[in-house]
Amino acid sequence: MRKLAALLLVTLAFAACKFNDAAKPKLPIMGNRDAVTKVVDGKQVTDTIYHTIPDFKFVNQYGDTITQNSLKGDIYVADFFFTTCPSICPIMHRNMLKVYNEFKNLPDFKIISHTIDPKHDSAAVMKKYADKLGISGNSWWLLQGDKEATYNISQDYLVKRPGPDAKEIFMHDGYFVLVDKQKRIRGMYDGTEEKEVSAMIEDIKTLRTEVDTEIAQ
Amino acid sequence: MKLKVIAFIAVLLCAIVISCQSEAEQDFKRYYTGGAVIYKEKCQNCHGANGEGLSALIPPLTDTAYLKKNKARLACFIKYGIKETIITINGKAYEGSMPANVDLTSIEIAKLLTYMGNSFGNKMGTIAFEEADADLAKCK
C-alpha cells in the first residue's frame, strides 16, 4: 500500500513537472478592466473590457503624421524623452538601441518615443537626433505633437504625467511600455535598467508567439 | 661591523622607498575609488559604464590622445560644462553641449579625473587635488 502511494506521488510529481514545462509563459494584461454583459445568439455572455491606448495623432521625425492606424497589427514599445535631456534619456536610449537592433527587421514591431518638449524638438531636430543615435527606417519613430496631448497620453500608458516644469527639472518617468496588437499594455520596464530591458526583449519574443485571435479592428 | 652598518642603511633606504611608494599607491586608490562613485552618479548615464558614449550623440572617454592634450582643461569641462560646440574625439565630430556640475568641489573633480584618466584604456596616473584646483582657477 505504502509503495503504491509512493508510486502515485512520484507519478504526480512527474505530471506536475510536465505540465509546467508545457505551459507557455503568458504576459499579464495591465490597467483597469471592466466587465460587460451582452447577449450573443440569445445567450448572456460576460466580456472583459481591458484598458487600451486611445487614438492619437503625432508627427514623426520624417514629418509624417502618425496615428494609431500607423501601428495597426504591430507590437510596440513606447517611452517619453526629450532630445536635450541630460539625465535619464541617454541611458534609456542606449538600452532602447539594443531593442531596436534586436527587432528592427521585423515588420510587426515598432518603437515610439514621445518628446515631452515639443517646443524645442521639432521634426527636424528629431531627425538629427535619430541620425546621431544611428537609427533609420521606420521601426523607431520619434513623435512630436501637442504638449497637452502628449502629457495626456502618458497617463494612458500608466506612466506618471510629466510635471509642468518637467523639462526644467529634467524629471519624467523612464518606463518602457510594451503594447500588444490589441493596444493593451502587457509590460512596464525601467528603461534605465539593463536587466529589465533584457527581460523586455524576452517578453517581446513571448508576445509575438501569442496567436492573433483578435487583431484590433 | 662596517658591513653591518652598510647593510642596515641599505635596508632602511629600501623600507623608506617602499613605504613612500605604497603611500602614493594608497593615494591613487583613494582617489580612484572615490572617483568611481562620483562617475557613476554624475557621468555614467551619458558617457556609459565603460566610457563608451552613445552613438554620435555623446562622445566616449576613450580618446587617450585628446585627454592627454587637454589635460589642463578637463577640470573646467567637468565643472562648467561645454557650451554648444564641435569637438573631435577618436576622429569623429560631436556637436552639442555638456551640462555643468558647479556643485562639484576641487577634490571631487580630482578624484573623478583620476578615475576617468585611469579607466577605459587611459593611463594618466593620479590627478591630485592641487593640480585640479590650479586648473580650475584658470577656467575661462
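The model shown is predicted, which means the values in this text are computed figures rather than measured ones.

The rules behind each value
- Residues numbered from 1 in each chain as written.
- Chains lettered and ligands numbered in written order.
- Predicted model: local features only at pLDDT ≥ 70, side-chain atom pairs only at ≥ 80, totals over all residues.
- Heavy atoms only, no water.
- Helix = DSSP H or I, 4+ residues; strand = E, 2+ residues; numbered from the N terminus.
- Buried < 20%, exposed > 50% of the residue type's maximum accessible area, 1.4 Å probe, protein only.
- Contact = heavy atoms within 4.5 Å.
- Patch = residues over 30% accessible without salt bridge, like charges linked within 9 Å, V, L, I, M, F, W, Y side chains within 5 Å.
- Areas by Shrake-Rupley, 256 points an atom, 1.4 Å probe, with all protein chains shown as cover.
- Salt bridge = Lys/Arg side-chain N within 4 Å of Asp/Glu carboxyl O.
- Disulfide = S-S within 2.5 Å.
- Buried area = accessible area lost by both parts, 1.4 Å probe.
- Polar contact = N/O pair within 3.5 Å; in protein donor to acceptor, adjacent residues only side chain to side chain.
- Pairing = 2+ DSSP bridges.
- Axes fitted to C-alpha atoms, helices over the stretch in contact; angles between N-to-C directions.
- Core = buried A, V, L, I, M, F, W, Y, C linked by side-chain atoms within 4.5 Å.
- UniProt positions renumbered as here; feature names shortened; annotations may be inferred.

*Asks:* Give me the lowdown on the overall build of chain B, citing residues and values where you can.
*Replies:* From N to C terminus, chain B includes six helices and two strands. Shown N-terminal to C-terminal, the secondary structure of chain B runs as helices and strands in the order α-α-α-α-β-β-α-α. Out of the 140 residues in chain B, the part that is buried amounts to 37%. Summarising the internal contacts of chain B: among those between residues at least 6 apart in sequence, 57% fall at separations of at least 24.

*Asks:* Describe a nonpolar patch on the surface, with residues and values.
*Replies:* Together, M1, V5, F8, I9, L12, L13 and I16 of chain B make up an exposed nonpolar region whose accessible area comes to about 750 Å². Inspection of the secondary structure assignment puts M1 of chain B in the segment before α1 (2–42).

*Asks:* Please provide a residue-by-residue account of the state of the cysteines, values included.
*Replies:* By the definition in use, this model includes two disulfides over all chains. In this model, C85 of chain A is linked to C89 of chain A through a disulfide, with the two sulfur atoms separated by 2.3 Å. Looking down the S-S bond of the C85 of chain A and C89 of chain A bridge, the torsion is 95 degrees, so its handedness is right-handed. Just as C85 of chain A is buried, C89 of chain A falls in that class too. One disulfide bridge connects C76 of chain B with C139 of chain B, the sulfur atoms lying 2.0 Å from each other. Its S-S torsion of approximately -100 degrees makes the covalent link between C76 of chain B and C139 of chain B left-handed. Of the two residues, C76 of chain B is situated in helix α4 (residues 71–80) and C139 of chain B in the segment after α6 (129–137); the sequence distance between them amounts to 63 residues. C76 of chain B sits in the buried class, given a relative accessible area of 14%. The thiol of C46 of chain B is unpaired, and the distance to the nearest cysteine sulfur, on C85 of chain A, comes to 7.6 Å.

*Asks:* Pulling in residues and values, what's your account of the environment of H120 of chain A?
*Replies:* Residues and elements named next belong to chain A. Along the chain, H120 falls in the loop between β6 (109–115) and α3 (123–133). Accessibility expressed as a relative area gives 36% for H120, which makes it partly exposed. A C-alpha to C-alpha distance of 8.7 Å links H120 and T84, two positions 36 residues apart in sequence. Residues within four places of H120 in sequence aside, it is in contact with T83, T84 and V125.

*Asks:* Break down the interface of chain B and chain A for me, with residues and values.
*Replies:* Taken residue by residue, the interface counts 14 residues in chain B and 11 residues in chain A. Summing the contributions of chain B and of chain A, the shared interface buries around 1000 Å²; its carbon and sulfur component is 59%. Counting the surface chain B buries against chain A, the share from its top three residues, N45, L54 and L57 of chain B, is 51%. Run the count over chain B and chain A and you get two salt bridges. Between E95 of chain B and K128 of chain A there is a salt bridge, and its shortest N-O distance comes to 3.6 Å. Counting the contacts that link chain B with chain A gives seven residue pairs in polar contact (both at pLDDT 80 or more). Among the elements that make up the side of chain B that touches chain A, the one with the highest residue count is helix α2 (residues 44–47) of chain B (four residues).

*Asks:* Hey, could you go over the sheet that holds strand β7 (residues 140–143) of chain A for me, with residue numbers and the actual values?
*Replies:* Residues and elements named next belong to chain A. If you trace the five strands from one edge of the open sheet to the other, you get β7-β6-β5-β8-β9, paired in mixed fashion. Since the sheet does not close on itself, it has two edges, and those belong to β7 and β9 (185–190), each with one partner. Here the strands of the sheet are splayed against their neighbours by 20 degrees on average, with no regard to which way each runs. In this sheet, strand β8 (residues 175–179) lies alongside strand β5 (residues 75–81) in antiparallel orientation, the contact comprising three bridges. The residue of β8 that forms the bridge with A78 is V177. Strands in contact with helix α5 (residues 194–209) are β5, β6, β8 and β9; relative to β9, the strand with the most contacts, it is inclined by about 165 degrees.

*Asks:* Would you mind going over α4 of chain B in detail, with residue names and values included?
*Replies:* Residue and element names in this part refer to chain B. Residues of α4 that are buried include every one of L74, A75, C76, F77, I78 and K79, and no others. Looking at the buried side of α4, the elements it contacts are α3 (64–69), β1 (82–89), β2 (92–98), α5 (106–116) and α6. Trailing α4 by a residue or two, G81 shows a phi angle of about 75 degrees, which is positive.

*Asks:* Talk me through the nonpolar core; I want residue IDs and the actual numbers.
*Replies:* All names here are of chain A. Grouped together as the largest cluster of nonpolar side chains are 53 residues, with contacts concentrated most on Y76, V99, W140 and Y157. Sort the elements by how many residues they give to this core and helix α2 (residues 89–103) lands first, with seven residues. For W140, the contacting residues outside a window of four places in its chain are Q61, H93, M96, L97, Y100, I111, S113, L133 and I135.

*Asks:* Outline the pairing of β5 of chain A, listing residues and values.
*Replies:* Residue and element names in this part refer to chain A. For β5, the buried fraction is high: seven of the seven residues fall into the buried class. The alternating pattern of β5 places I75, V77, D79 and F81 and Y76, A78 and F80 on opposite faces, both of which are buried. Inspection of the sheet shows β5 paired to β6 by seven bridges, in the parallel sense. Each bridged residue has a counterpart across the sheet, and for F81 the counterpart in β6 is T115.

*Asks:* Give a detailed account of the UniProt feature "binding site: Cu cation" (unreviewed entry) in chain A, specifying residues and quantitative values.
*Replies:* Taking the UniProt record as the reference, the feature "binding site: Cu cation" (unreviewed entry) is found at C85, C89 and H172 of chain A. Structurally, C89 of chain A can be placed in helix α2.

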